[in-house]
Amino acid sequence: MTKAYFLNKGKLFYSDKIREIHSCKDVNQIEPFINKAEESVQNGFHTLGFLSYEASLAFDEKHKIIENKQLPLAMALVFDSIQELEESPSPKQTLNKVSVSPLIDKEEYCDAIERALDYIKNGDIYQVNYTFRCELGLNNSPEDFFLHLIKNHPVPYAAYIETDEYQVISLSPELFLSRRDNTLTTKPMKGTSKRAGRWDQDEQRRKDLSVCPKGRAENIMIVDLMRNDLSRICNKVTSKDLFTVTRYPSLHQMTGTVQGELKADLSLHNILDATYPPGSITGAPKIRAMEIIEELESSPRGVYTGSIFHLNPNGDFDFNVCIRTIECHKEQTLLGIGSGIVADSGSGPEWDECLLKSSFLNFPPPPSEVFTSFLWSRTEGFNHLDKHLNRIDQSCQWLLRPFDAQACRESLSKLKQRLEEEKFDYAKVRISIDFDGQYTINHQDLANPFWKDLKVAIYTESHINSKDPYTYHKTDRRDIYNKAFDYAKQNNLDEVIILNEQGHVCEGSISAIMIIDKDGHKVVPRLKSGILPSISRQVLIENEDIIQRTITIEDLQNAQSVALGNSVRNWGTVKTIQ
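All values reported here derive from a predicted model rather than from experimental measurement.

Thresholds, definitions, all that
The written sequence of each chain sets the order in which its residues are numbered from 1. Only residues with pLDDT of 70 or above have their local features reported here, since the model is predicted, and side-chain atom pairs are shown and tallied only from 80 upward, although totals for entire chains, interfaces and linings are computed over all residues. Calculated side-chain values reflect all of the structure's heavy atoms, with hydrogen atoms and water omitted. A helix here means a DSSP run of H or I that spans at least four residues, while a strand means a run of E at least two residues long, and both kinds are numbered starting from the N terminus. Here, two residues are considered to be in contact whenever any of their heavy atoms come within 4.5 Å of each other. Areas reported as accessible are Shrake-Rupley estimates using a 1.4 Å probe. Residue values count occlusion only from the protein chains shown. Charged-residue counts in this description rest on Lys and Arg as positive and Asp and Glu as negative, His and the chain ends being excluded. Every charge is mapped to an atom, namely NZ of Lys, CZ of Arg, CG of Asp or CD of Glu. For two strands to count as paired, DSSP must find a minimum of two bridges between them. As a rule, the C-alpha atoms of each element are fitted with a line to give its axis, helices using only the stretch in contact, and angles between N-to-C directions run from 0 to 180 degrees. Nonpolar core, defined: a set of buried Ala, Val, Leu, Ile, Met, Phe, Trp, Tyr and Cys residues in which side-chain atoms within 4.5 Å join the residues together. Throughout, exposure labels follow a simple rule: accessible area from a 1.4 Å probe, protein chains only, divided by the maximum for the residue type, with under 20% read as buried, over 50% as exposed, and the rest as partly exposed. To count toward a patch, a residue needs a relative accessible area above 30% and no salt bridge. Like charges then connect within 9 Å, nonpolar side chains (Val, Leu, Ile, Met, Phe, Trp, Tyr) within 5 Å. Criterion for a salt bridge: a side-chain nitrogen of Lys or Arg within 4 Å of a carboxyl oxygen of Asp or Glu. Roughly parallel refers to an angle under 35 degrees, roughly antiparallel to one over 145, roughly perpendicular to one between 65 and 115, and oblique to any angle outside these ranges. What makes a crossing left-handed is the near helix being turned counterclockwise from the far one by less than a right angle; a clockwise turn instead makes it right-handed. Classification convention: Asp, Glu, Lys, Arg as charged; Ala, Val, Leu, Ile, Met, Phe, Trp, Tyr, Cys, Pro as nonpolar; all other residues, Gly among them, as polar.

Draft legend 1. Structural context of the overall build of the chain. Counting secondary structure elements, the chain contains 13 helices and 32 strands. Overall size of the chain, expressed as C-alpha extent along the three principal axes, is 85 × 55 × 45 Å. When contacts within the chain are restricted to residue pairs at least 6 apart in sequence, long-range pairs at least 24 apart make up 73% of them. For the chain, the exposed surface amounts to about 25400 Å²; the carbon and sulfur share of it is 44%. Mean positive and mean negative side-chain charge positions of the chain (68 and 82 charges, respectively) differ by 4 Å.

Draft legend 2. Just the sheet that holds strand β26 (residues 495-500), in detail. One open sheet accounts for eight strands, arranged β27-β26-β25-β32-β31-β28-β29-β30; its pairing is mixed. Looking at which strands have only one partner, the edges of the open sheet turn out to be β27 (505-508) and β30 (546-548). Direction aside, the axes of adjacent strands within the sheet are offset by 40° on average. Sheet analysis places β26 next to β27, joined by three bridges and oriented antiparallel. Residue pairing across strands places Ile498 opposite Glu507, the latter belonging to β27. Across the sheet, helix α11 (residues 479-490) lies against β25 (454-464), β26 and β27, angled at about 140° from β25, the strand it touches most.

Draft legend 3. Here's a closer look at the nonpolar core. In terms of nonpolar packing, the biggest core is built from 90 residues, with Tyr109, Leu272 and Phe319 touching the most fellow members. If you tally residues by element for this core, the top one is helix α2 (residues 106-121), at eight residues. If we ignore the near neighbours within four places in the chain, the residues touching Leu272 are Ile34, Leu51, Phe59, Phe176, Leu177 and Phe319. Of all hydrophobic cores here, the second largest spans 22 residues; its members include Cys408, Leu412, Val429 and Ile433.

Draft legend 4. Up close: a negative patch on the surface. On the surface, Asp105, Glu107, Glu108, Asp111, Glu114 and Asp118 cluster together into a patch of negative charge. Among the secondary structure elements, Glu108 is positioned in helix α2. Judged by relative accessible area, Glu108 falls into the partly exposed class, the value being 37%.

Draft legend 5. Main features of the packing of α2 against helix α8 (residues 347-357). Two elements in contact, α2 and α8, have axes whose closest approach is 9 Å; the angle formed by their N-to-C orientations is 120°. It follows that α2 is oblique to α8 by the angle criterion. Considering how the two elements wind past one another, α2 and α8 form a crossing that is right-handed. Across the interface between the two elements, Lys106, Tyr109, Cys110, Ile113 and Glu114 from α2 touch Ser347, Gly348, Glu350, Trp351 and Cys354 from α8. Taken together, the residues that form the contact of α2 with α8 break down as five nonpolar, two polar and three charged.

As structure tokens, this is what we get:
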């Protein structure tokens, strides 16, 4: 069955109402193919399709490519109608882990990079984009895998095309060309860094990438190349928003923007003839870079680093750059990955960057809920409200979901008025933010909230994974905490103390921990042990002389005293540890 999904302006569209299918295997037929696609939209029909990287040869005989016998050079689906989906369909299967097997080894990769660097040093090129293929063990249907990916790893230019012979899954965050009225825009993407679990470290990595000499050099080169391409078909070509770094679930990416006003009477083929293939996936200068790519790479790219396009009957169009794009054939499933090589590139770091770019395949589903809880008291009001709202806002930014802190604050003001009218002096307040950024506020009246003389135990049933980035955010992904909390209740304990995979003390199931060590120092665990940056802990550090270091079981046993605390119960002294 032939069908497709695609994103347009943040909305997901679907169609299996196929009016026509066009496919092209001969470079001499690319121009008629493009003209036919343009004619279809002029007749009022949405059209979705792809141009492979190998289709580049049709636009300039100097564009060197490796022949591809597995996939058409281009194809297009002309729809009778398209359907806007209110929400992404639910996959029929649970998401299974994908195996990734590079089809070259690291030694072969490093050798190719060294040869590319020689070309750069000799002045042949400024930059080249070297890529290779990976074979995937895909354990879901291609359509189900796509539906999982667009939920778990949302990007603006995703698309899925299914035919009887093959399927294409594209999770591309990169825009090649966009036309709105007479304005043509491109946003080349160069510069990558890994996400960090903690908000402060993640924000620092984003800032570091924006000033990274290598990333900026790549960005400037490709922006200049695209300015040159657009100047062939546009007036008033400008560049803006250079070195803009955008967060995605698994990494940060740097982009720049180039825009121009299209000259009169240009066909779609004229536009592509001046710009294809995208400069961000070749290098600079483009023709020499493509010659080196053809020499160094060991297999055809296919739709990877080509473009999936949507042509709108109103004359607008979008072409993505097919990165993070998978080809599914009957005998083999392929993913292309690569990186831009410049004079100061190192083959080892580039290999690591390439593997990082495949991490979206196994990125875990996002939590359904981010939340925080704190005490309201008649005498003190909301306990450290600003700090709680700031932390939940940072977690929402980290998770790429919206949060209207001001609207939430106004709702809390109304709640405060209601609480003041009730008879209780204390209440537990809970704010939760769902996947779409909608907040919910609940409260529970409390008679006596404060902890004292706590009876606790060391929890040994499971441990915190300090490498899990979600550890640093208060979400509903908290199985270990829920199990530890249930264990405490079942054993008539007030709380338990949870350890990480190295046996270091972390926190309680609902609390932070502080000890006064044998030398009289107040000590809390380091965040990197794998703990939530709790508000109680933060306030303690801001107002007292606190040491942050690894706490061992021996430290716990030798401590003068141990205290547990949270924003509802405050701090309570531990009386016994089992």
